[in-house]
Each structure stands twice: as C-alpha cells, then as structure tokens.
Amino acid sequence: MSLALALLSAVAFGGSGVAAKPLIEAGLEPLHVTWLRVAGATLVMLPVAWRHRSLVRRRPALLAGFGLLAVAGVQACYFAALSRIPVGVALLIEYLAPALVLGWVRFVQKRPVTRAAAIGVVLAVGGLACVVEVWSGLSIDALGLALALGAACCQVGYFVLSDHGTDGEDTVDPLGVVAYGLLIGTLVLTVIARPWGMDWSVLGGTTSMNGTDVPAALLLAWIVLVATVLAYLTGVVAIRRLSPQVAGVVACLEAVIATVLAWVLLGEHLSPPQIFGGVVVLVGAFIAQSSTPTAGRREETTVVAGSPGAVATDSADATGERERGERLPD
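Here we summarise the structure given alongside this text. Residue numbers run consecutively from 1 along every chain, following the written order of its sequence. It should be noted that, the model being predicted, local features are given only for residues of pLDDT at least 70 and side-chain atom pairs only at 80 or more, the latter also being counted only at that level, while totals for whole chains, interfaces and linings use all residues. Where side-chain values are given, they derive from all heavy atoms of the structure, hydrogens and water being excluded.

1. Remarks on the pattern of salt bridges
Point 1. A pairing counts as a salt bridge when a side-chain nitrogen of Lys or Arg comes within 4 Å of a carboxyl oxygen of Asp or Glu. One pass over the structure, following the stated rule, counts two salt bridges.
Point 2. A salt bridge links Glu268 to Lys21; its shortest N-O distance comes to 2.8 Å. In this pair, Glu268 is assigned in the loop between α12 (244-266) and α13 (272-290) and Lys21 in helix α2 (residues 16-25), connecting sequence segments 247 residues apart.
Point 3. The buried label goes to any residue with under 20% of its type's maximum accessible area, the exposed label to any with over 50%, and the partly exposed label to all in between, with areas taken from a 1.4 Å probe on protein chains only. According to the relative accessible area criterion, Glu268 is buried, its value standing at 14%.
Point 4. Residue Lys21 is classed as buried on the basis of its relative accessible area, which comes to 8%.
Point 5. As a salt-bridge pair, Arg84 and Asp141 come within 2.8 Å of each other at their nearest N and O atoms. Linking Arg84 in the loop between α5 (60-82) and α6 (87-94) with Asp141 in the loop between α8 (115-131) and α9 (142-164), this pair joins segments that are 57 residues apart in sequence.
Point 6. In this structure Arg84 comes out as partly exposed when scored by relative accessible area, which is 41%. Put simply, DSSP H or I for four residues or longer makes a helix, DSSP E for two residues or longer makes a strand, and each gets a number counted from the N terminus.

2. Some remarks on the state of the cysteines
Point 1. The disulfide criterion used throughout: a pair of cysteine sulfur atoms within 2.5 Å. Applying the stated criterion across every chain yields a total of zero disulfides.
Point 2. Between Cys77, a free cysteine, and Cys154, which holds the nearest cysteine sulfur, the sulfur-to-sulfur gap is 4.7 Å.
Point 3. A relative accessible area of 18% means that Cys77 is categorised as buried.

3. Observations concerning a nonpolar patch on the surface
Point 1. Patches here are clusters of residues that have more than 30% relative accessible area and form no salt bridge, with a 9 Å joining cutoff for like charges and a 5 Å cutoff for nonpolar side chains (Val, Leu, Ile, Met, Phe, Trp, Tyr). All accessible-area figures derive from a Shrake-Rupley calculation using a 1.4 Å probe, and residue coverage is judged against the displayed protein chains alone. Together, Ile119, Leu123, Val256, Val260, Trp263, Val264, Leu265, Ile275, Val279 and Val283 give the surface a local cluster of nonpolar side chains, amounting to about 780 Å² of exposed area.
Point 2. Looking at the nonpolar patch, the elements with two or more residues in it are α8, α12 and α13.
Point 3. Mapped onto the elements, Ile275 comes out in helix α13.
Point 4. Ile275 sits in the partly exposed class, given a relative accessible area of 37%.

4. Details of the pairing of strand β2 (residues 212-215)
Point 1. For two strands to be treated as a pair, DSSP must find no fewer than two bridges joining them. Looking at chain direction, strand β1 (residues 206-209) and β2 are connected through four bridges and run antiparallel. Looking at β2, one finds that Met209 is bridged to Thr212.
Point 2. Where β1 folds back on β2, the antiparallel hairpin that results is connected by two residues, among which Asn210 adopts a positive phi of roughly 55 degrees.

5. Brief notes about the nonpolar core
Point 1. One finds Leu28, Val33, Tyr78, Leu82 and Leu182 to be the most contacted residues of the largest nonpolar core, which totals 72 residues.
Point 2. In terms of residue count, α5 provides more of this core than any other element does, 12 residues in total. Within this scheme, the nonpolar core is defined by two criteria: the residues are buried Ala, Val, Leu, Ile, Met, Phe, Trp, Tyr or Cys, and they are joined through side-chain atoms within 4.5 Å.

6. Considering the environment of Gly65
Point 1. For Gly65, the location among the structural elements is in helix α5.
Point 2. Gly65 sits in the buried class, given a relative accessible area of 15%.
Point 3. It is 9.1 Å that separates the C-alpha atoms of Gly65 and Ile184, two residues lying 119 residues apart in sequence.

7. Here's the deal with the packing of aromatic side chains
Point 1. Within 6.5 Å between ring centres, the rings of Phe, Tyr and Trp (the latter by its six-membered ring) count as paired, and their orientation is classed by plane angle as stacked under 30 degrees, edge-to-face over 60, tilted in between. A complete count under the given rule lists two aromatic pairs for this structure.
Point 2. Consider the rings of Trp35 and Trp200, whose centres lie 6.3 Å apart with planes at 90 degrees: the pair is edge-to-face. Here Trp200 lies in the loop between α10 (174-193) and β1 and Trp35 lies in helix α3 (residues 30-51), a separation of 165 residues in the sequence.
Point 3. By relative accessible area, Trp200 is classed as partly exposed at 41%.
Point 4. Look at Tyr78 and Phe79: their rings are 5.7 Å apart centre to centre, the planes differ by 35 degrees, and that puts the pair in the tilted class. The pair formed by Tyr78 and Phe79 is uniform in burial state, with each residue classed as buried.
Point 5. Above the plane of the ring of Trp50 lies Arg53, whose end atom (NZ or CZ) is 4.2 Å from the centre. Lysine and arginine charges are scored as sitting over a ring when NZ or CZ, respectively, is within 6 Å of the ring centre and within 35 degrees of the ring normal.

8. Focus on α2
Point 1. By the criterion of burial, α2 is predominantly enclosed, with nine of the 10 residues buried.
Point 2. All of the buried residues in α2 are Ser16, Gly17, Val18, Ala19, Ala20, Lys21, Pro22, Leu23 and Ile24.
Point 3. At the C-terminal side of α2, Gly27 shows a positive phi close to 130 degrees.

9. Focus on the environment of Leu63
Point 1. Its place among the elements puts Leu63 in helix α5.
Point 2. The exposure class assigned to Leu63 is buried, which follows from its relative accessible area of 4%.
Point 3. With 113 residues separating them in the primary sequence, Leu63 and Gly176 have C-alpha atoms 9.1 Å apart.
Point 4. By the convention used here, residues are in contact when the closest approach between their heavy atoms is within 4.5 Å. Those residues in contact with Leu63 that lie beyond four places of it in its chain are Leu55, Val56, Val177, Tyr180 and Ile184.

10. Considering the packing of α2 against α3
Point 1. Axis separation between α2 and α3 bottoms out at 9 Å; the angle between their running directions is 130 degrees. Taken together, α2 and α3 sit at an angle that is classed as oblique. Here α2 runs over α3; the crossing is right-handed. Contacts between α2 and α3 involve Ser16, Ala20, Leu23 and Ile24 from the former and Pro30, Val33 and Arg37 from the latter.
Point 2. Within the contact of α2 with α3, the residues separate by chemical class into five nonpolar, one polar and one charged. A fitted line through C-alpha atoms serves as each axis, taken over the contacting stretch for helices, and the angle formed by two N-to-C directions is quoted from 0 to 180°. Working definition: roughly parallel below 35 degrees, roughly antiparallel above 145 degrees, roughly perpendicular at 65 to 115 degrees, and oblique for all remaining angles. In a left-handed crossing the near helix is turned counterclockwise from the far helix by less than a right angle, and in a right-handed crossing that turn is clockwise. Lys, Arg, Asp and Glu make up the charged group, whereas Ala, Val, Leu, Ile, Met, Phe, Trp, Tyr, Cys and Pro make up the nonpolar group; the residues left over, Gly among them, are polar.

Written out as structure tokens, the structure is:
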C-alpha cells in the first residue's frame, strides 16, 4: 500500500509540467501559472495550516525559508524553464539538486561524503552534458537552462531547510511545513506575479495538447488538486513508511514519468543522446542521494514534503534522500 501511494505521488508530481505547459503556450505567463498552482493549493490546505498555527511562533524562519525557496523559488523557476525548454529536460536538470546538496555538505558544512556519492555527482554532471548536448554548442535554450538550474539550486535550499526542521527536540510536522510553505509562497508570488494583470479569459477557453483541445480549467484543476495537493499528501503518508532507499528509487521515477508523459501528450521527443544522458542523470542522482556518510549518522530518518519533486532527507546529513515526495518541484 505504501509503495502504491508513493507511485501515485510520483505520477501526480510528474504530470505538473505536462499540464502547465499548454497553459503557458495558451498565453498565461509562467509566473501566473505558478501563482495559480500555489494559491489554489493554499486554499485547499488552509485547514491544515490552521491546525498547525503554532508553527508560526515556533519556527518562523523555517517556514519563511521553505515558502521562499521550496515553494516559490522551485516552482517559479521550473515553470519559467518550461516556457523555453522541454518538460523532460527541465526536470532532469532539476534532478542535479541531490548532487548539489553534496557540495553544500562537503564545502559549507565541512562534512565528509562517501566515494559513491562523489561518483554519483560526476555521473549526474556528465549526464547533464548529454541532456543539453554541449557538443552542439548548447543547443538547449541558455536562459531555459539557467532557470532549470535555478530550480535545482532552490531545491538545495529545500533539502537544507528540511534538515533544520528535524534538528533537536523541536521537530515539526511536515504537513504543517507544506501548508505554511504554500501560504507564504502565495504571498510572495502575489507580489511578484501580480495576478490582477493576468489574462483570466484563458482559463475559460481551451488549450492545445499536441493537437487535442483540452479545457484550460481542467488542466488547472489537475495542477492544483492532483499535481500539488494529492501529490504532497500521498507522498508524505507513503514515504514515512518506506526506507530512504525505496524513496530514492520512487523519486527518480518522477522524472521518467514526466518525460514519458511529455513525449506522449505533448509530442516532445528527446534525442538518443538526451535519453542516455537522462538515464545517467537519474542514476547519478540516485547514488548521490542514497550514499550518506557513515559517521555520526542517527538511526531515524525524518521526511518532509517538497515541490515539483518531493524529497526525503536524512536528519543527520541532509544529503538529499528524497521523500515526496518535492518536492515541492516543480
């Protein structure tokens, strides 16, 4: 049952980009789509936020950082990247986050990393070179690439903040963190996106999904209810019952699911080198997030939900073992 819920979460998160891209191509700004997703999910999660209202007093810095990076930062960068590069490429680049977390652990926290984790970083970077086809003069849109890398960097902030959220005796309920992260992200994105200037008429019409007309409101409902609320909730419930190793495998499936859905529903075909590179990125990310320092490791692992890809983090080393279940993601 736990594995089934984790797979459902991966499918839900993986479908966010596929549903968002037609809305962007129909005329909505990426920031407006991001705001609609976060604001809609916030409305659904308001009862959870009220239940955990004590978090505002207990951990204000954690909630603010989570809202700014794990919600607003990750999703805004990810959706902006979708307007310029394929869904699969954007998500694969975002999956450099577990490798980047190791850089934080090694050079900022001054803690050792395993040789296997270092190999995972090298594989992930090498796979990224194939995904963007560097030999052809960076055929991927440079700004789109930078935005996807920005999403990966914001994911690093998510991992680090998740680790702080499990320190000491004052641990926090991940559902409360997600609820307030969405609320704070909505407030920030409202100022940045200025939704009052949005072309709301787009939501009343239809969008084209690889030649098929689909109601825009239906895609938005999928993004809010399935790719955000359902994905977070099923991810939290499932990953709490799974080992970090299983969680890492399920997390990697999200990128595969997103790429396949984009191929089938949007007609976004990747070249053979890009497919090979994507596999290498996933393998490297999995090794990086499942290989943790052996010293000073605590027995218990705490799970916190994230954005366009959810992630599980070990409370002792924050090397980026994904929970999401991001993921909180894009």
